[in-house]
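In case you want the letters, here they are:
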Amino acid sequence: MEVTLSNSTFHDKPCCDDLSNTNRITKKEQLAPQVKLIEVCAPEIAKKAKPGQFVILRIDEQGERIPLTLVKWSKAKETITLIFQEVGVSTKKLGALKVKDKILNIAGPLGNPSDIKNYSTATIVSGGVGTAAAYPIAKALKEAGNKIIAIVGARNAEMLILENEMRQVADELYISTDDGSKGHKGFVSEVLKTILQKGVLPNIIYAIGPPLMMKATAEVTKPYGIKTIVSLNPIMIDGMGMCGACRVTVGDRTKFACVDGPEFDASIVDFDEIVKRLRGYSWEERCAIKFHEGGIGAW
Ligand SMILES: Cc1cc2nc3c(=O)[nH]c(=O)nc-3n(C[C@H](O)[C@H](O)[C@H](O)COP(=O)(O)OP(=O)(O)OC[C@H]3O[C@@H](n4cnc5c(N)ncnc54)[C@H](O)[C@@H]3O)c2cc1C
Ligand code: FES
């Protein structure tokens, strides 16, 4: 088998035969508007990665640290795959890198792996780029013998990602778009509500996506008492439990999403606090984008 890398073709051998390839991008694809996939040579991370974990990377010397979920990894090829939405300066800078470019540094795998076992039936609800984080969990749960019911949502048909991959691991797949351009018109939480009302009750539900989508899903599952897990995405800096940036309230306790999570019991997460804290730097983020796109003259 051969792997094609932009203008050149490499045999499917470990990408890091040459150590200088570590952190080099080996493949790049556009999955949806502003959503990109990159495969990166990262042998040490590929060896240890597990579903539910993430990396924190820094693109260049001036770059901030950004967390991204591990979507796929291959010990044989020594690569990891990341999928990201370009929402601000760092993700736009990452999206501008080309095959063969290098990312300055990548720390990981970070966070606790998902608790993968046979629950019998598992429902995976994902929204937007959250499907990237949901896919490896759905795949691992399928391999552990679970029946998988997947509900995949996005703003519109164009923004749906990994539909084919989810179809391959799901016994039942439901699609939902906010504008109705594909599948159910509305939110993934509504699809879940209909399924639960029909008496199809899984033993575990994973909900991964924007905080408000996870909050709505948690509200749907609460009356049924079904164990519901969310993967939280607060702002992170060190990813090692030292800076406190990722603090979230779960039950009546403060937790650090990077070392205590990122997965938590959805029924006791304070989602409103997460939304508020995520918006805490929106002025600085807007300034950074202006500066990035317009240079110093944009001020
Ligand atoms: C554990 C974890 C895993 C993640 N996995 C993915 C993933 O697989 N794919 C993906 O597209 N995104 C993922 N994210 C979110 C991603 O890290 C942010 O979108 C990214 O850091 C934004 O950086 P920026 O400079 O491009 O945008 P900014 O201009 O900094 O911010 C734009 C928006 O992103 C939010 N944001 C900013 N920094 C972070 C941060 N460090 N963590 C979370 N949100 C942030 C802000 O609230 C703002 O709304 C993950 C976040 C966490 C915590
Ligand atoms: S990111 Fe610093 S404590 Fe979690």
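Residues numbered from 1 in each chain as written. Chains lettered and ligands numbered in written order. Predicted model: local features only at pLDDT ≥ 70, side-chain atom pairs only at ≥ 80, totals over all residues. Heavy atoms only, no water.

S.K.: Which residues make up the overall build of the protein chain, and what values do they have?
M.R.: Tallying secondary structure elements over the protein chain gives 9 helices and 18 strands in all. Taking the principal axes of its C-alpha atoms as reference, the protein chain extends roughly 55 × 50 × 40 Å. Counting the 299 residues in the protein chain, one finds 49% classified as buried. Considering only intrachain contacts with a sequence separation of at least 6, the fraction spanning at least 24 residues in the protein chain is 63%. (Helix = DSSP H or I, 4+ residues; strand = E, 2+ residues; numbered from the N terminus. Buried < 20%, exposed > 50% of the residue type's maximum accessible area, 1.4 Å probe, protein only. Contact = heavy atoms within 4.5 Å.)

S.K.: Quick one: what's the story with the domain arrangement of the protein chain, residue by residue and with numbers?
M.R.: Structurally, the protein chain comprises domain 1 (2–110) and domain 2 (121–279). With 19 residues of domain 1 at the interface, the matching set in domain 2 holds 21 residues. When the two sides are added together, the surface that domain 1 and domain 2 hide from each other amounts to roughly 1,600 Å², 73% of it contributed by carbon and sulfur. The interface formed by domain 1 and domain 2 holds 0 salt bridges in total. The interface formed by domain 1 and domain 2 includes 2 residue pairs in polar contact (both at pLDDT 80 or more). Within the residue set of the side of domain 1 that touches domain 2, elements represented by two or more residues are strand S3 (25–32), strand S5 (54–58), strand S6 (66–69), strand S7 (72–74) and strand S8 (79–85). It is S8 that contributes the most residues to the side of domain 1 that touches domain 2, 3 residues altogether. Here the side of domain 1 that touches domain 2 is built from residues that sort into 14 nonpolar, 3 polar and 2 charged. (Domains from an automatic or database assignment. Buried area = accessible area lost by both parts, 1.4 Å probe. Salt bridge = Lys/Arg side-chain N within 4 Å of Asp/Glu carboxyl O. Polar contact = N/O pair within 3.5 Å; in protein donor to acceptor, adjacent residues only side chain to side chain. Nonpolar A, V, L, I, M, F, W, Y, C, P; charged D, E, K, R; others polar.)

S.K.: Give a detailed account of the sheet that holds strand S11 (residues 147–154), specifying residues and quantitative values.
M.R.: Spatially, the 7 strands line up as an open sheet ordered S13-S12-S11-S10-S14-S15-S18, and their pairing is mixed. The strands lining the two open edges of the sheet, one partner per strand, are strand S13 (184–185) and strand S18 (263–265). The sheet contact formed by strand S14 (residues 204–208) and strand S15 (residues 227–231) spans 4 bridges and is parallel. The partner of Ala-207 across the bridge, within S15, is Val-230. The sheet strands contacting helix H6 (residues 211–221) are strand S10 (121–127), S14 and S15, and the helix crosses S14 at an angle near 160°. (Pairing = 2+ DSSP bridges. Axes fitted to C-alpha atoms, helices over the stretch in contact; angles between N-to-C directions.)

S.K.: Provide a residue-level description of the site of ligand 1, including the pertinent values.
M.R.: Around ligand 1 sit 21 residues, and of these Glu-64, Pro-67, Gln-85, Thr-91 and Leu-278 come closest. Thr-91 places a polar side-chain atom, nitrogen or oxygen, 2.4 Å from an oxygen atom of ligand 1. At 3.5 Å from an oxygen atom of ligand 1 is found a side-chain nitrogen or oxygen belonging to Glu-285. Coverage of ligand 1 by the protein amounts to 85% of the 850 Å² it exposes when considered alone. Within the residue set of the shell around ligand 1, elements represented by two or more residues are S6, S8 and helix H2 (89–96). Partitioning the shell around ligand 1 into residue classes produces 13 nonpolar, 6 polar and 2 charged. Residue-level mapping places the shell around ligand 1 at the junction of two domains, with at least three residues from each of domain 1 (2–110) and domain 2 (121–279). (Near = heavy atom within 4 Å. Areas by Shrake-Rupley, 256 points an atom, 1.4 Å probe, with all protein chains shown as cover.)

S.K.: Outline unusual backbone geometry, supporting the account with residue identities and numerical values.
M.R.: Note that the residue after Gly-108, namely Pro-109, is joined by a cis bond; omega there is -5°. In this fold, Pro-109 is placed in strand S9 (residues 105–110). A cis geometry characterises the amide bond from Gly-261 onward to Pro-262, with omega recorded as 15°. Position of Pro-262 relative to the elements: it lies in the loop between helix H7 (257–260) and S18. A positive phi is found at Gln-34, a non-glycine position, where the angle reads about 65°. Examined against the element boundaries, Gln-34 turns out to sit in the loop between S3 and strand S4 (35–41). The phi dihedral of Leu-162 falls on the positive side, at around 55°, and the residue is not glycine. Classification of Leu-162 as buried rests on a relative accessible area of 8%.

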